[in-house]
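# Observations on chain architecture
These are the residues of each chain, in order.
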Amino acid sequence: MASRRLGPQPLTESELDELDRFLLSSATPEDAMDLEELAGYLTGLACGPQPVPSPDWLWPDWGDTEDGRRPVRFDSGPHCRQLLELIERHWSTLARSLQRGTAPMPVLFDYRHPGAGVAAPPLPGSVWSSGFMRAIGLQAESWQPAFEDDEASEALPPIVTLAHADDPEIVAQSPTPRQAEALVDALPDAVLALFGFWRTREAAPDATARSAARVPRIGASDPCACGSARRFSACCGRSSALN
């Protein structure tokens, strides 16, 4: 009897910790995403209108801005490949959950710090939602139909409000902690509604978009994930680096 082929396995607690430590380490730029923002970002990519070309989706993980790409210091080629695999598996797990009709509940960090004189922590869910909005920003024009659709646009306010809670030009009044909790509770349904919106459009007879749920992996000719400006096959992805 042939064994059933299993998909990518969810990250274990130790693997999530490993990824989080790397994102927060001195090997990445100060403005690199943490694990909560990365989860929101990958969820936004997974439920979006179309795949983001590789490695364009990866640069924001490291804090890439309009000023340029930020270099990342991996210990070695295998270390680079290992971290990429963790991120890709995390994306695949989130995408598979959406495909099963189950929105992954955001795992939110407690950013509160004891002591006086410490800046107020971000609202619960705001960091995750900021990651989701960064995914939208990568395909702003492609996302426009969701903002214009009556039903899909109703799913966006929890994400937009939490992501821009401190921006009075977008959110007139920052939500209270209790209101923020209600917005967090609304995130899973909002994500499922947006995922369903784009998948319905894909099923239309004249649709040409490919599903964003498949992870666009870095190819041999793509720029290396470490930011060296060399091809992946000539840098962290070369055969000698993977052995």
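To keep things clear, this report deals only with the structure shown in the data block. As the structure is a computational prediction, the values presented were derived from the model and not from experiment. (Residues numbered from 1 in each chain as written. Predicted model: local features only at pLDDT ≥ 70, side-chain atom pairs only at ≥ 80, totals over all residues. Heavy atoms only, no water.)

### Let's talk about the overall build of the protein
On a plain count of helices and strands, the protein comes out with nine helices and zero strands. Put simply, the protein has 243 residues, and 46% of those count as buried. Of the contacts formed within the protein by residues at least 6 apart in sequence, a portion of 72% connects residues at least 24 apart. Per element, the accessible surface of the protein, about 13,300 Å² overall, is 50% carbon and sulfur. (Helix = DSSP H or I, 4+ residues; strand = E, 2+ residues; numbered from the N terminus. Buried < 20%, exposed > 50% of the residue type's maximum accessible area, 1.4 Å probe, protein only. Contact = heavy atoms within 4.5 Å. Areas by Shrake-Rupley, 256 points an atom, 1.4 Å probe, with all protein chains shown as cover.)

### Overview of the nonpolar core
Counting 58 residues, the largest nonpolar core has Leu-19, Leu-38, Leu-42, Trp-57, Phe-132 and Leu-194 as its most contacted members. Within the residue set of this core, elements represented by two or more residues are helix H1 (13-23), helix H2 (35-46), helix H3 (77-99), helix H4 (126-138), helix H5 (140-148), helix H7 (157-163) and helix H8 (177-202). Sorting elements by how many residues they give to this core places H8 first, with 10 residues. Excluding residues that lie within four positions of it along the chain, Leu-42 makes contacts with Trp-57, Ile-87, His-90, Trp-91 and Leu-94. (Core = buried A, V, L, I, M, F, W, Y, C linked by side-chain atoms within 4.5 Å.)

### Considering the layout of surface pockets
Within this model, the largest pocket holds a volume of roughly 390 Å³. Looking at the largest pocket, it is lined by 18 residues, and the ones nearest its centre are Leu-16, Ala-39, His-90, Leu-94 and Val-107. Mapped onto the lining of the largest pocket, the elements with two or more residues apiece are H1, H2 and H3. Considering every element that reaches the lining of the largest pocket, the biggest residue donor is H2, with four residues. (1 Å grid on protein atoms, 1.4 Å probe; cavity = no way out; pocket = protein on both sides within 12 Å on 5 of 7 lines; lining within 4 Å. Points joined across faces, edges and corners; volume = space filled by probe spheres on them.)

### Comments concerning H8
In this model, H8 (26 residues) spans 37 Å end to end at C-alpha, consistent with the 38 Å of a helix rising 1.5 Å per residue. Where H8 bends most, at Leu-187, the angle is about 40°, and the proline Pro-188 comes one to four residues later. (Expected span 1.5 Å × (residues − 1). Bend = angle between axes of the 7 residues up to and from the residue.)

### Quick notes on the packing of aromatic side chains
Taken as a whole and judged by the stated rule, the model has six aromatic pairs. Ring geometry for Phe-132 and Trp-143: centres 6.1 Å apart, planes at 70°, overall edge-to-face. Linking Phe-132 in helix H4 with Trp-143 in helix H5, this pair joins segments that are 11 residues apart in sequence. Each member of the pair, Phe-132 as well as Trp-143, carries the same accessibility label: buried. Among the aromatic residues, ring-to-ring pairing joins Trp-128, Phe-132, Trp-143, Phe-197 and Trp-198 into one connected group. Stacked on the ring of Phe-195, the Lys or Arg Arg-199 has its end atom at 4.8 Å from the ring centre. (Phe/Tyr/Trp six-rings, centres within 6.5 Å; stacked < 30°, edge-to-face > 60°. Lys NZ or Arg CZ within 6 Å of the ring centre and 35° of its normal.)

### Points about the environment of Ala-165
Relative to the assigned elements, Ala-165 resides in the loop between H7 and H8. For Ala-165, a relative accessible area of 8% gives the class buried. Counting along the chain gives 39 residues from Ala-165 to Ser-126, while the straight-line C-alpha distance between them is 7.4 Å. Excluding anything up to four places from it in sequence, Ala-165 contacts Leu-123, Val-171, Ser-174 and Pro-175.

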